[in-house]
Amino acid sequence: MRVLVTGGAGYIGSHTVVRLVEDGHEPVVLDSFVNSRPSVIARLEELTGRTIETHSFDLRDVDKTNALLDDGRFDAVIHFAGLKAVGESSQIPLEYYDNNVGSTLVLARAMDRAGVPVLVFSSSATVYGELAPVPYVETHEPLASNNPYGRTKLVQEMLLSDVATAGGPRVALLRYFNPVGAHPSGRIGEDPHGVPNNLMPFIAQVAVGRREQLQVFGNDYPTPDGTPQRDYLHVVDLAEGHVAALEYLSDHPDVVERAWNLGGGHGTSVLEMIAAFESASGRPIPHEVAPRRTGDLAAFWADASRAETELGWRAERSIEQMCADTWRWQSGNPQGYPG
Ligand code: NAD
Ligand code: UFG
């Protein structure tokens, strides 16, 4: 399949581009580079041994997006493009709604008019909200989120489901849990701009000496060691989940819209993650306990059985592999991508 990958230069998109090529597909990248670097593309070409067709513009540019979809002969789109920092979304909600919902609206219209039949969408476990029982199941209702970022995901899910139900592109809603890790080559990985918001890139930057110490946001949660538990999954597993969903929708024309959780199905605490990273890197991770971060939940993980039954997908890679691959990437690229 010839597949347009919006946000294909980003963390999850770049790993998915590699996987698509490995599975015999032809990915085409569309990215504005608002949160990634053009030098990613050279790494993708190095890893895949082929030229990666790349288009650099903002998905909200209606004319350019329509022209690309009209002429692109795409069989499907995987839509990663968007802003993703939970904290920032409370400070600049308009930017989040404009970029996330706006780009999805422009993309859905362009796909509809060009007749591109299949869309795989990056959603998030944050759509289960604060009250859903753990493990989270796809059938849980009502969906909710406690932050503007999460609410843009909810709106996008509803928008895409409505369009699919009305005969537009059929859609896979992939609800990711906590993606971490890097390609085992160490050539691509997560490269956040500024201070990392998320646990794993922060730990990796402490290990490599870019930051002095990690703050552990709260150790008085009702969990075995008092720190929150999350369902971490390796980004290469996640990339494989996208290809599985793409192939499933292409093989099942009767499936109009469907949500799948992509997670490992168990929780790992902050302190367990620190210990695993210390062991994988051989470096100490100095840390101190700090106050809780607003909006954090104590513990959640996926019931990922629907993805296993229907897509034949499960997260295979261990916490140790996630840490080892992150460390290979971070130690080989202490300052991230060049440029
Ligand atoms: P990322 O920021 O690394 O990648 C997103 C890419 O989209 C970037 O390369 C950015 O430049 C590009 N982009 C943003 N807005 C654009 C626009 N309007 N037009 C064109 N390009 C644009 O993020 P990621 O971690 O790879 O996440 C990918 C998707 O997965 C996002 O939609 C995110 O919300 C979702 N998601 C991520 C996580 C996570 O923990 N990383 C968890 C759940 C869901
Ligand atoms: N944490 C720290 N110190 C840090 C960073 C994080 O202690 O410097 C802790 C957090 O308090 C939390 C855990 O590490 O307990 C994981 O935090 P992350 O920020 O890595 O991940 P979240 O679970 O908060 O958020 C992730 C994604 C969101 C998504 C959410 C729900 O980043 O996009 O999962 O799926 F919305």
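Going by the structure above, here's the rest.
Bear in mind that the values here come from a model prediction, so they are computed numbers and not experimental data.

Colleague: Outline the packing of helix α1 (residues 11-22) against helix α2 (residues 39-48), supporting the account with residue identities and numerical values.
Modeller: Two elements in contact, α1 and α2, have axes whose closest approach is 10 Å; the angle formed by their N-to-C orientations is 25°. Taken together, the axes of α1 and α2 are roughly parallel relative to one another. Note that α1 runs across α2; the crossing there is right-handed. In this structure, α1 uses Ser14, Val17, Val18 and Val21 to contact α2, whose residues at the interface are Val40, Leu44, Leu47 and Thr48. By residue class, the composition of the contact of α1 with α2 is six nonpolar, two polar and no charged.

Colleague: Break down the site of ligand 1 for me, citing the residues and quoting the values.
Modeller: As a structural note, the neighbourhood of ligand 1 is formed by 27 residues, with Ile12, Asp31, Asn35, Ser36 and Tyr149 the closest of them. One of the side-chain N or O atoms of lysine 84 is found 2.8 Å from an oxygen atom in ligand 1. Between tyrosine 149 and ligand 1, the recorded distance is 2.7 Å, taken from a side-chain N or O atom to an oxygen atom. Contact with the protein chains hides 95% of the accessible area of ligand 1, taken as 820 Å² for the molecule alone. Put simply, the parts of the chain that give the shell around ligand 1 at least two residues each are α1, β5 (118-124) and α6 (148-165). Per-element tally for the shell around ligand 1: the top contributor is β5, with three residues. Looking at side-chain class alone, the shell around ligand 1 contains twelve nonpolar, ten polar and five charged residues.

Colleague: Can you lay out the nonpolar core for me, pointing to particular residues and giving the numbers?
Modeller: The biggest cluster of nonpolar side chains holds 43 residues, and the ones touching the most others in it are Leu44, Leu174, Leu246 and Leu311. With nine residues, helix α8 (residues 235-251) is the single largest residue contributor to this core. Setting aside residues no more than four positions away along its own chain, leucine 311 makes contact with Ala244, Ala245, Tyr248, Trp260 and Arg306. Grouped together as the second largest cluster of nonpolar side chains are 23 residues, Phe57, Met111, Leu119 and Leu159 included.

Colleague: Outline the packing of helix α3 (residues 62-71) against helix α5 (residues 93-114), supporting the account with residue identities and numerical values.
Modeller: Close contact between α3 and α5 brings their axes to 9 Å; oriented N to C, the two are set at 35°. In terms of crossing hand, the pair formed by α3 and α5 is right-handed. Here Val62, Thr65, Asn66, Leu69 and Asp70 of α3 lie close against α5, whose contacting residues are Val106, Ala110, Met111, Arg113 and Ala114.

Colleague: Outline unusual backbone geometry, supporting the account with residue identities and numerical values.
Modeller: Residue proline 135 is bonded to the preceding valine 134 through a cis peptide linkage, with omega at 0°. Cis geometry is found at the peptide bond from glutamate 141 to proline 142, where omega equals -5°. In the Ramachandran plot, arginine 73 falls in the positive-phi region, its phi being about 50° despite a non-glycine side chain. Checked against the element boundaries, arginine 73 lands in the loop between α3 and β4 (76-79). When its relative accessible area of 62% is taken as the criterion, arginine 73 is described as exposed.

Colleague: Talk me through the pattern of salt bridges; I want residue IDs and the actual numbers.
Modeller: Should the charged atoms of two oppositely charged side chains come close, the side chains can pair. What the rule picks out here adds up to 20 salt bridges. One salt bridge in this structure joins arginine 60 and aspartate 58, with 2.8 Å as the shortest N-O distance. Assessed through its relative accessible area of 28%, aspartate 58 is described here as partly exposed. A salt bridge links aspartate 98 to arginine 60; the shortest N-O distance between them is 3.0 Å. Of this pair, aspartate 98 sits in helix α5 while arginine 60 sits in the loop between β3 (54-55) and α3, placing them 38 residues apart in sequence. Using a relative accessible area of 44% as the deciding quantity, one classes aspartate 98 as partly exposed. Residue classification places arginine 60 among the partly exposed residues on the basis of a relative accessible area of 27%.

Colleague: Before we move on, can you summarise the packing of aromatic side chains with the specific residues and values?
Modeller: Aromatic ring pairs are described here by two measures, namely the spacing of the ring centres and the angle between the planes. Scanning the model with the defined rule gives seven aromatic pairs in all. Considering the side-chain rings of tyrosine 136 and phenylalanine 177, the 6.0 Å spacing of their centres and the 45° angle between planes classify their relative orientation as tilted. Of the two residues, tyrosine 136 sits in the loop between β5 and α6 while phenylalanine 177 sits in the loop between β6 (170-176) and β7 (178-180), which places them 41 residues apart along the sequence. Members of the aromatic cluster, joined through ring pairs, are Tyr128, Tyr136, Phe177 and Phe300. Over the ring of phenylalanine 202 we find arginine 211, and its NZ or CZ is 5.9 Å from the ring centre. The side chain of arginine 292 reaches across the aromatic face of tyrosine 221, ending 3.9 Å from its centre.

Colleague: Could you give an account of helix α7 (residues 199-207), naming the residues involved and the relevant values?
Modeller: Burial analysis of α7 places nine of its nine residues in the buried class, the great majority of the element. For α7, the full list of buried residues reads Leu199, Met200, Pro201, Phe202, Ile203, Ala204, Gln205, Val206 and Ala207. Each element contacted by the buried residues of α7 is listed here: β7, β8 (214-217), β10 (232-234), α9 (270-281) and α11 (319-332). Glycine 209 sits one or two residues past α7 and shows a positive phi near 95°.

Colleague: Please provide a residue-by-residue account of α5, values included.
Modeller: For α5, spanning 22 residues, the distance from its first C-alpha to its last is 31 Å, which sits close to the expected 32 Å at 1.5 Å a residue. The elements touched by buried residues of α5 are β1 (2-6), α3, β4, α4 (86-91), β5 and α6. The positive-phi residue at the C-terminal boundary of α5 is glycine 115, with phi of around 75°.

Calculation rules
- Residues numbered from 1 in each chain as written.
- Chains lettered and ligands numbered in written order.
- Predicted model: local features only at pLDDT ≥ 70, side-chain atom pairs only at ≥ 80, totals over all residues.
- Heavy atoms only, no water.
- Axes fitted to C-alpha atoms, helices over the stretch in contact; angles between N-to-C directions.
- Helix = DSSP H or I, 4+ residues; strand = E, 2+ residues; numbered from the N terminus.
- Parallel < 35°, antiparallel > 145°, perpendicular 65-115°, else oblique.
- Left-handed = near helix turned anticlockwise from the far one by under 90°.
- Contact = heavy atoms within 4.5 Å.
- Nonpolar A, V, L, I, M, F, W, Y, C, P; charged D, E, K, R; others polar.
- Near = heavy atom within 4 Å.
- Polar contact = N/O pair within 3.5 Å; in protein donor to acceptor, adjacent residues only side chain to side chain.
- Areas by Shrake-Rupley, 256 points an atom, 1.4 Å probe, with all protein chains shown as cover.
- Core = buried A, V, L, I, M, F, W, Y, C linked by side-chain atoms within 4.5 Å.
- Buried < 20%, exposed > 50% of the residue type's maximum accessible area, 1.4 Å probe, protein only.
- Salt bridge = Lys/Arg side-chain N within 4 Å of Asp/Glu carboxyl O.
- Phe/Tyr/Trp six-rings, centres within 6.5 Å; stacked < 30°, edge-to-face > 60°.
- Lys NZ or Arg CZ within 6 Å of the ring centre and 35° of its normal.
- Expected span 1.5 Å × (residues − 1).

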